[in-house]
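Listed here are the chains, written in short residue letters.
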Amino acid sequence: MKLLSKTIAGPDDHTRENTRSEAWAELRDSTGRCVSGSLTVSNTYDFTARSTIHAVHRLMAGGIPYGAWSPSQAFGRDFLTTIPGANVQRGPVQGRSGR
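Criteria and thresholds
- Residues numbered from 1 in each chain as written.
- Predicted model: local features only at pLDDT ≥ 70, side-chain atom pairs only at ≥ 80, totals over all residues.
- Heavy atoms only, no water.
- Helix = DSSP H or I, 4+ residues; strand = E, 2+ residues; numbered from the N terminus.
- Buried < 20%, exposed > 50% of the residue type's maximum accessible area, 1.4 Å probe, protein only.
- Contact = heavy atoms within 4.5 Å.
- Areas by Shrake-Rupley, 256 points an atom, 1.4 Å probe, with all protein chains shown as cover.
- Core = buried A, V, L, I, M, F, W, Y, C linked by side-chain atoms within 4.5 Å.
- Salt bridge = Lys/Arg side-chain N within 4 Å of Asp/Glu carboxyl O.
- Polar contact = N/O pair within 3.5 Å; in protein donor to acceptor, adjacent residues only side chain to side chain.
- 1 Å grid on protein atoms, 1.4 Å probe; cavity = no way out; pocket = protein on both sides within 12 Å on 5 of 7 lines; lining within 4 Å.
- Points joined across faces, edges and corners; volume = space filled by probe spheres on them.
- Nonpolar A, V, L, I, M, F, W, Y, C, P; charged D, E, K, R; others polar.

**Quick word on the overall build of the protein chain**
For step 1, the next point in the chain: Counting its secondary structure elements, the protein chain contains four helices and three strands.
For step 2, the next point in the chain: In the protein chain, buried positions account for 14% of the 99 residues.
For step 3, the next point in the chain: Sequence separation of at least 24 residues holds for 55% of the intrachain contacts in the protein chain that already meet a minimum separation of 6.
For step 4, the next point in the chain: Surface exposure of the protein chain reaches about 7900 Å², of which carbon and sulfur atoms provide 57%.

**Quick look at the nonpolar core**
For step 1, the next point in the chain: Counting nine residues, the largest nonpolar core consists of L39, V41, F47, A55, A74, F75, F79, I83 and A86.
For step 2, the next point in the chain: Within the residue set of this core, elements represented by two or more residues are strand 2 (34-41), helix 3 (44-60) and helix 4 (71-75).

**Some thoughts on the pattern of salt bridges**
For step 1, the next point in the chain: Tallied over the full model, the rule gives four salt bridges.
For step 2, the next point in the chain: Residue R16 is joined to D46 by a salt bridge in which the shortest nitrogen-to-oxygen separation is 2.2 Å. Of the two residues, R16 is situated in helix 2 (residues 13-17) and D46 in helix 3; the sequence distance between them amounts to 30 residues.
For step 3, the next point in the chain: D46 sits in the partly exposed class, given a relative accessible area of 24%.
For step 4, the next point in the chain: Measuring nitrogen to oxygen at the nearest pair gives 2.8 Å for the salt bridge that ties R28 to E26.
For step 5, the next point in the chain: The exposure class of R28 is partly exposed, given its relative accessible area of 33%.
For step 6, the next point in the chain: Using a relative accessible area of 37% as the deciding quantity, one classes E26 as partly exposed.

**So, the side chain of N43**
For step 1, the next point in the chain: If you trace the backbone, N43 turns up in the loop between strand 2 and helix 3.
For step 2, the next point in the chain: A residue is classified by how much of its surface remains accessible, and N43, at 4% relative accessible area, is buried.
For step 3, the next point in the chain: At 3.1 Å, the side chain of N43 and the backbone nitrogen of Y45 are in polar contact.
For step 4, the next point in the chain: Those residues in contact with N43 that sit more than four places away from it in its chain are R16, T19, R20 and S21.

**Quick notes on the side chain of S51**
For step 1, the next point in the chain: Among the secondary structure elements, S51 is positioned in helix 3.
For step 2, the next point in the chain: Setting aside its immediate chain neighbours within four residues, S51 contacts F79 and I83.

**Focus on the layout of surface pockets**
Empty space among the atoms becomes apparent when a probe as large as a water molecule is rolled across them.
For step 1, the next point in the chain: Looking at the largest pocket, its volume works out to about 450 Å³.
For step 2, the next point in the chain: Lining the largest pocket are 21 residues, with G37, S38, L80, V88 and R90 sitting closest to its centre.
For step 3, the next point in the chain: The residue makeup of the lining of the largest pocket, split by class, is eleven nonpolar, eight polar and two charged.

Below you can see the structure in the form of structure tokens.
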């Protein structure tokens, strides 16, 4: 572990406290219906730790079948909205865009 910590360095505490991570996606089906959404978290390092701990708590509570699941399959499509510090915004579903 010491070798790993000497070769891989993440941002310092000050940088992590003053940064955030953002993601945006737009999905379109074959009929042209479109929905978009965004996710903003404090920073990727802290969000990864929080989401992992949150998932472990959900697993320990039971009710998840054995096997390999994506987070949305295991915990439901709104899992991101239940993670402390995650700001999830969903846009409205729109009809055909004419593209």
